[in-house]
Amino acid sequence: MSSLATAPRPIRAVLIANRGEIACRVIATCRRLGLKSIAVYSDADAGSLAVKLADQAVRIGPPPAAQSYLNIPAVIDAALASGADAVHPGYGFLSENAAFAQACADAGLIFVGPSPAAIAAMGSKIEAKKIANAAGVPTVPGYLGEDQSLERLSAEAERVGYPVLIKASAGGGGRGMRRVHDAGDFAGALQSAKAEARSAFGDDAVLLEKLVTNPRHLEVQLMGDEHGNLVHVFERDCSVQRNNQKVFEEAPAPHLSDEIRGKLYERSLRLGRQIGYTCAGTIEFIMSGDSEEPYFLEMNTRLQVEHPVTEAISGIDLVEWQLRVAAGLPLPLAQNEIHLRGHAIEARIAAERPDKGFQPAIGTVSVLHVPPGTRFDTGIREGSTIGLHYDSMVAKLIVHGPTREAAVAKLATALGELAILGVGTNTAFLKACVEKPGFRSGHLTTDFLGQTFPDGWTPPQETLDRLRADAAFAWVEQAGSDRTNPWERSDAFRVTASGRPASAEVRVSDEFGEAVVTLFKGPQGTSASLDGGPRFDIGSSALLSVEGQRVLAAEHGLSIDAHCELAIAAALSETDVVSDDDHLTAPLPGVVMGLFVAAGDTVEAGQSLMQIEAMKLIHTLAAPRAGVIARIHCGVGDTVGAGAPVIDIDPQNEE
């Protein structure tokens, strides 16, 4: 029997009020501790890995999060109906919702997290900064006032001095956050930030901060209990970010002096004691790259996405500690008993297209290959469908080594071996990041990605060429009942002298474009040439899956979803959606969240016309030209595909 069953507040069954990888992560600890795990799911997640792994699963609503994972009554009812003793909120959704924590207590359920009062105190970035100031913890200069008018916020931005950062007071993850470098851009950035914050958190209040240039993002893991014990479990560096969302996290932070490290620990513990904090929490700091003064940013009163790197360097199961604290037990270790070992790095694997501005990607996972010797936290499996309703992160790849240098090398190898076929991911982009000298050096700031890829990222052409050649060869070799083997068709290949190879031409179309692959097959093996270029041997270690004319291939972290056909039989018609200044199309698949115009309205070039939400991010579409709205093809709540027509604009007539 688990010690939790005989604790002051016994826990035998835990409902996980979340989804995806964090639900699976909590289930794993529950299983190890002998606790019953109960998953909740929306209709979109009925076949999810979490539902499969849990001892019991309860439906809580339709796909939209507001009607399922954010539906407090539905989650409470599920917990009571399933016989749960405790509710673990994971991260995101209701994890930092004081009303939810209170609802659990009112229903006689143990909330695996801090008190509702602590959540409320730190849940508002504005109030959290006030508490930090009272505790003597330095904060970034800015504006924390209640007056949210454009006039007041504009005036305060001028006082603080540009550049400034607009931040949503509620929530996190970079949503509702905008950098503003000039007063002329402030009003538009504020409107966009408030709309995104309102959609993501139901609260459009914002604060202003002086934008710290070339910053490092540092954070300290805290853990407290109700017996007066509060410890830190070292620090993490989360500086590599895109659009204010973390991409890599590592522990401990590289190139950090003992003096700065001491400030981080002392200030975090001081702030935690100020509010009598219990359970897991993270104090986040920002520090200029050429400074030694970390400023308090915010406190996350929950388990962080990046908690595995802390577990790797400490040997502590933070979820187990959360459950122990929730059950009324003291922390298992004192501060002097927590020891650092080695270095760990985490890479967030997301369903997105880095080559297209990180547009969300959707699809069904056909093949999943995880490199050995790594920790892979995920909520997907072969057959899982990645849709538009939730965050684009589908997994986390975590490596651990005796030194940072060893961990970086291990991560580069692992990203090259990871393969997720059937849906586009950022794996190859992550591998490219890790291989850059700036990453290997460890001197990282939040500007790393912008400075390293100023013109964006495209896949390595050599790797792409080889994948296309492998896909073409696999398709040709695959026996099929619906077609004749191309090697045996007189119109598909050419045979010359006996000492020279046969050749076949295959048109390969994939998400990155298309190419004609000429295959050569002879006694010495098979080689290929793309679009008449140099010939190279085929014999790679690509992972392949052939489904009729569809071939999925992956190697060195890059994957393609290819359509193969004989070049001689290739269709000549263009199938791409035409987009021009008169016809606005959706740049990515998503749900229409707002329409700001109606048919017949006159608009100016650059005017905001509509907003699309994809994987919890808001994208604003602007008018490509001045004119009159001729037709709107969609309505609020509609799902639109990438390239789908959304608004037609008639140009203004010249007088």
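Residues numbered from 1 in each chain as written. Predicted model: local features only at pLDDT ≥ 70, side-chain atom pairs only at ≥ 80, totals over all residues. Heavy atoms only, no water.

## What about the overall build of the protein?
Working step 1: Looking only at helices and strands, the protein features 16 helices and 41 strands.
Working step 2: Taking 655 residues into account, the globule formula puts the C-alpha radius of gyration at 26 Å, and the protein, at 27 Å, falls close to it.
Working step 3: Oriented by its inertia axes, the alpha-carbon framework of the protein measures out at about 85 × 75 × 55 Å.
Working step 4: When contacts within the protein are restricted to residue pairs at least 6 apart in sequence, those whose partners lie at least 24 apart make up 64%.
Working step 5: Surface summary for the protein: the accessible area is close to 26300 Å², and the carbon and sulfur share equals 49%. (Helix = DSSP H or I, 4+ residues; strand = E, 2+ residues; numbered from the N terminus. Rg over C-alpha atoms; globule rule 2.2 N^0.38 Å. Contact = heavy atoms within 4.5 Å. Areas by Shrake-Rupley, 256 points an atom, 1.4 Å probe, with all protein chains shown as cover.)

## Section: the side chain of Ser37
Working step 1: With respect to the element layout, Ser37 can be found in strand β2 (residues 36–42).
Working step 2: If we ignore the near neighbours within four places in the chain, the residues touching Ser37 are Val14, Ile16, Ile27, Cys30, Leu53, Ala54, Asp55 and Gln56.

## A short note on the packing of helix α1 (residues 20–32) against helix α11 (residues 318–326)
Working step 1: Packing of α1 against α11 leaves a shortest axis separation of 9 Å and a crossing angle of 70°. Considered as vectors, α1 and α11 are oriented roughly perpendicular to each other. α11 is crossed by α1, and the crossing has right-handed handedness. Note on element contacts: α11 touches α1 through Leu318, Val319, Glu320 and Leu323, opposite Arg25, Val26, Thr29 and Arg32.
Working step 2: Looking at the contact of α1 with α11 residue by residue, the classes come out as four nonpolar, one polar and three charged. (Axes fitted to C-alpha atoms, helices over the stretch in contact; angles between N-to-C directions. Parallel < 35°, antiparallel > 145°, perpendicular 65-115°, else oblique. Left-handed = near helix turned anticlockwise from the far one by under 90°. Nonpolar A, V, L, I, M, F, W, Y, C, P; charged D, E, K, R; others polar.)

## Side note on the nonpolar core
Working step 1: Residues Leu4, Ile11, Leu35, Met122, Leu271, Phe296 and Leu323 are the most contacted members of the largest nonpolar core, which totals 72 residues.
Working step 2: Setting aside anything within four residues of it in sequence, one finds Leu323 in contact with Leu4, Ile11, Val14, Thr29, Leu33, Leu35 and Val112.
Working step 3: Residues Phe358, Val365, Leu430 and Val551 belong to the second largest nonpolar core, which totals 63 residues. (Core = buried A, V, L, I, M, F, W, Y, C linked by side-chain atoms within 4.5 Å. Buried < 20%, exposed > 50% of the residue type's maximum accessible area, 1.4 Å probe, protein only.)

## So, the packing of helix α4 (residues 98–106) against helix α5 (residues 116–123)
Working step 1: Following both chains from N to C, one finds α4 and α5 inclined at 175°, their axes separated by 8 Å at the closest point. As far as their axial angle goes, α5 and α4 are roughly antiparallel. In contact with Ala98, Ala101 and Gln102 of α4, α5 contributes Pro116, Ile119 and Ala120.
Working step 2: Classifying every residue of the contact of α4 with α5 by side-chain character gives five nonpolar, one polar and no charged.

## Some words on the side chain of Glu346
Working step 1: Looking at the element boundaries, Glu346 is found in strand β17 (residues 343–350).
Working step 2: With residues up to four places along the chain from it excluded, the contact list for Glu346 reads Val247, Phe248, Glu249, Val305, Glu306, Pro308, Val309, Lys396, Leu397 and Ile398.

## Observations regarding the pairing of strand β1 (residues 13–16)
Working step 1: Of the two faces of β1, the one holding Ala13 and Leu15 and the one holding Val14 and Ile16 are both buried throughout.
Working step 2: Summarising the sheet, β1 and β2 pair through four bridges and their orientation is parallel. The residue of β2 that forms the bridge with Ala13 is Lys36.
Working step 3: The parallel pair β1 and β2 is bridged by α1, and the resulting crossover is right-handed.
Working step 4: The pairing of β1 with strand β4 (residues 86–88) spans three bridges and is parallel. The partner of Val14 across the bridge, within β4, is Ala86. (Pairing = 2+ DSSP bridges. Right-handed = clockwise from strand over helix to strand, strands pointing away.)

## Re the environment of Ser503
Working step 1: Within the element layout of this structure, Ser503 appears in strand β27 (residues 502–510).
Working step 2: Expressed as a C-alpha distance, the spacing of Ser503 and Ser527, which sit 24 residues apart in the sequence, is 9.4 Å.

## Observations concerning helix α8 (residues 186–201)
Working step 1: Compared with the 22 Å implied by 1.5 Å per residue over 16 residues, the 22 Å span of α8 between its first and last C-alpha is a close match.
Working step 2: Every buried residue of α8 is listed here: Phe186, Ala189, Leu190, Ser192, Ala193, Lys194, Ala195, Glu196 and Ala197.
Working step 3: Gly202, located one to two residues past α8, shows a positive phi value of around 70°. (Expected span 1.5 Å × (residues − 1).)

## Some thoughts on the environment of Gly594
Working step 1: Turning to its location among the elements, Gly594 is positioned in strand β35 (residues 590–595).
Working step 2: Separated by 41 residues in sequence, Gly594 and Gly635 place their C-alpha atoms 8.2 Å apart.
Working step 3: Beyond its immediate chain neighbours, meaning those up to four positions away, Gly594 contacts Leu609, Met610, Gln611 and Val636.

## Section: the sheet that holds strand β36 (residues 602–603)
Working step 1: A sheet is described by the order of its strands in space; here four strands give the open sequence β34-β41-β39-β36, paired in antiparallel fashion. Across the chains shown, the open sheet's two edge strands, defined by having one partner strand only, are β34 (583–585) and β36.
Working step 2: Taken together, the two bridges between β36 and strand β39 (residues 627–632) define a ladder with antiparallel strand orientation. Counted as the bridge partner of Thr602 is Val628 from β39.

## A word on unusual backbone geometry
When glycine is set aside, most residues are seen to have a negative phi, and most peptide bonds are trans.
Working step 1: Backbone torsion omega between Tyr162 and Pro163 reads 5°, so that peptide bond is classified as cis.
Working step 2: One can find Pro163 in the loop between α7 (150–160) and β7 (164–168).
Working step 3: Residue Pro252 is bonded to the preceding Ala251 through a cis peptide linkage, with omega at -5°.
Working step 4: Turning to its location among the elements, Pro252 is positioned in the loop between β14 (248–251) and α9 (258–274).

## Structural notes on the sheet that holds strand β9 (residues 206–210)
Through backbone hydrogen bonds, the strands of a sheet pair up, either in parallel or in antiparallel fashion.
Working step 1: Spatial ordering of the open sheet is given by β6-β9-β7-β8, a layout of four strands whose pairing is antiparallel. If you trace the sheet from one side to the other, it starts and ends with β6 (142–143) and β8 (177–180), each paired once.

## Considering the confidence of the model for the protein
Working step 1: On average, residues of the protein carry a pLDDT of 91, and 93% of them reach 70 or more.
Working step 2: Across residues 479–483, confidence stays below pLDDT 50; counting only partners more than four residues off in sequence or on other chains, it has three contacts.
Working step 3: Across residues 571–579, confidence stays below pLDDT 50; counting only partners more than four residues off in sequence or on other chains, it has five contacts. (pLDDT = per-residue confidence, 0-100.)

## A short note on the pairing of strand β24 (residues 393–401)
Working step 1: Most of β24 sits out of view: eight of its nine residues are buried.
Working step 2: With eight bridges connecting them, β17 and β24 associate as antiparallel partners. Residue pairing across strands places Ile349 opposite Ala395, the latter belonging to β24.
Working step 3: Of the strand pairs in this sheet, strand β22 (residues 375–378) and β24 are connected by four bridges, and their pairing is antiparallel. Following the sheet pairing, Thr378 is matched in β24 by Ala395.

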